Amino acid sequence: MAAVDHSTAPSRRVVLAMLSATVASLDAGSARAETADMHAAIKAFAKGSPITKGKVKIDISPLIENGNSASMGVFVNHPQDAQAYVRKIAVFNEKNPQPEVAVFHLNPRSGTSRVDTRIRLATTQQIAAVAELSDGTFWSDQVEVIITIAACLEE
Amino acid sequence: MAKALLKVPKTARKGEIITLSAMFSHQMETGHRRDAEGQPVARDIISLFTCQYGGMEVFRADLHPAISAYPLMQFTTVATVSGPITFTWTDEAGKSWRETAEITVTA
């Protein structure tokens, strides 16, 4: 019976180490949106208008176990009637492959500006929400969310 | 099994703010994943969700891959008239799915 030749083939341990190193480098280098991309996306949404911090509130747990499905709500501390209302709320992320999450379009018939959904978060990062009001002003909120199991890397 | 899970109140008073919730059976494939053979899985997402009620669009959402699989949308609207509330999901290829719930609005 021939002995297994360890000199030419890399050992299982070495292969595993190489694989995990490759995965790690993909993780760091793949097309993740940088902070600059998020700011560019926010700027594009506001069409260059000034954005004031306030009125908007992102309702998300600061520590999330599963980044594949994180419950998130947004609302704006502003009336929602024919005289004054929230037109749009856009949600952005810092480090997923793309900075956009969703844009919600509201109107006086919405009654409130509360919207709830579930989002994917690739890693610990900042989440931003920007609201456009009927008077044309833009308001924002930004929170950090810590992820313990990331999205996008499963399977 | 229905493609969607809707939560719509059966009755409401006119002028009451009601919460509508709609979950759709869709993987929201991001295009960033690989299958067991290492092949990239093509992007396939619902990019538009709308809700029609009382002769107008009462809610619209533009969605991106950062929305989870089985996309859930929960929002509010003012109860105005009895009739259908229609939810529509559209993917990036333009295919759409529609689900309707009835509401009775009392004075």
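So, how was this worked out
- Residues numbered from 1 in each chain as written.
- Chains lettered and ligands numbered in written order.
- Predicted model: local features only at pLDDT ≥ 70, side-chain atom pairs only at ≥ 80, totals over all residues.
- Helix = DSSP H or I, 4+ residues; strand = E, 2+ residues; numbered from the N terminus.
- Buried ≥ 20, exposed ≤ 12 C-beta atoms within 10 Å, placed from the backbone.
- Contact = placed C-beta atoms within 7 Å.
- pLDDT = per-residue confidence, 0-100.
- Pairing = 2+ DSSP bridges.
- Axes fitted to C-alpha atoms, helices over the stretch in contact; angles between N-to-C directions.
- Nonpolar A, V, L, I, M, F, W, Y, C, P; charged D, E, K, R; others polar.
- Core = buried A, V, L, I, M, F, W, Y, C linked by C-beta atoms within 7 Å.

## Things to note about the overall build of chain B
On a plain count of helices and strands, chain B comes out with zero helices and eight strands. Listed N to C, the secondary structure of chain B is β-β-β-β-β-β-β-β in terms of helices and strands. Across its three principal directions, the C-alpha atoms of chain B cover 60 × 25 × 20 Å. A burial count over chain B gives 30% of its 107 residues as buried. A separation of at least 24 residues holds for 55% of the contacts in chain B among residues at least 6 apart in sequence.

## Here we look at the overall build of chain A
Scanning chain A from N- to C-terminus turns up two helices and nine strands. The order of helices and strands in chain A, counted from the N terminus, is α-α-β-β-β-β-β-β-β-β-β. Across the 155 residues that make up chain A, the buried fraction comes to 37%.

## Considerations on the confidence of the model for chain A
All names here are of chain A. Looking at chain A as a whole, the pLDDT averages 85, with 76% of positions reaching at least 70. For residues 1-7, every residue scores under 50 in pLDDT, and the model assigns this stretch one contact once sequence neighbours within four places are set aside. Note that pLDDT drops below 50 for residues 21-31; the model gives that stretch two contacts with residues more than four away or on any other chain.

## Focus on the sheet that holds strand β4 (residues 70-76) of chain A
Sheet architecture is open: six strands sit in the order β2(A)-β4(A)-β7(A)-β6(B)-β3(B)-β1(B), paired in antiparallel fashion. Each edge of the open sheet is held by one strand with a lone partner, namely β2 (56-60) of chain A together with β1 (4-7) of chain B. Each strand of the sheet is rotated relative to its neighbour by a mean of 15°, with strand direction disregarded. Examined bridge by bridge, β1 of chain B and strand β3 (residues 17-24) of chain B share four bridges and lie antiparallel to one another. Note on β3 of chain B: the bridge partner recorded for Leu6 of chain B is Ala22 of chain B.

## Quick word on the environment of Arg118 of chain A
Within the element layout of this structure, Arg118 of chain A appears in strand β7 (residues 115-119). In this structure, the C-alpha to C-alpha distance between Arg118 of chain A and Met72 of chain A, residues 46 residues apart in sequence, is 5.7 Å. Setting aside anything within four residues of it in sequence, one finds Arg118 of chain A in contact with Ser69, Ala70, Ser71 and Met72 of chain A together with Ser68 and Leu72 of chain B.

## Focus on unusual backbone geometry
In this structure, Lys55 of chain A is a non-glycine residue whose phi angle is positive, near 65°. Turning to its location among the elements, Lys55 of chain A is positioned in the loop between β1 (51-53) and β2. Here Lys55 of chain A falls in the partly exposed class, since 18 other C-beta atoms lie within 10 Å of it. Here the phi dihedral of Met28 of chain B falls at roughly 50°; this positive angle occurs in a residue that is not glycine. Given 22 C-beta atoms within a 10 Å radius, Met28 of chain B is considered buried.

## Thoughts on the interface of chain B and chain A
In this assembly, 23 residues from chain B lie in contact with 26 residues from chain A. Counting only elements with at least two residues in the side of chain B that touches chain A, the list comes to β5 (56-63) and β6 (72-78) of chain B. Partitioning the side of chain B that touches chain A into residue classes produces 13 nonpolar, seven polar and three charged. Relative to β5 of chain B, strand β6 (residues 100-105) of chain A runs antiparallel, the two sharing four bridges. Bridge assignment links Val103 of chain A to a residue of β5 of chain B, and that residue is Asp62 of chain B.

## Points about the nonpolar core
Counting residues in each nonpolar core, the largest one holds 58 residues, and the members touching the most others are Ile89, Val91, Phe92, Leu121, Ala129 and Ala131 of chain A. In contact with Leu121 of chain A, other than residues within four places in its own chain, are Ile64, Gly67, Ala70, Asn93, Asn96, Val145, Ile147 and Ala151 of chain A.

## Here's the deal with the pairing of strand β8 (residues 125-133) of chain A
Residues and elements named next belong to chain A. Summarising burial for β8: seven of the nine residues are buried, a large majority. In this structure, strand β5 (residues 86-93) lies alongside β8, joined through seven bridges in antiparallel fashion. Bridged to Phe92 within β8 is Ala128. Bridge count between β8 and strand β9 (residues 138-149): eight bridges; the pairing is antiparallel. Bridging from a neighbouring strand, Glu132 pairs with Phe138 of β9. From the end of β8 to the start of β9, which pair antiparallel, there are four residues, and Gly136 there has a positive phi angle of about 85°.

## A short note on the confidence of the model for chain B
With 98% of its residues at a pLDDT of 70 or more, chain B shows a mean pLDDT of 96. The ipTM assigned to the predicted complex is 0.96, against a pTM of 0.85.

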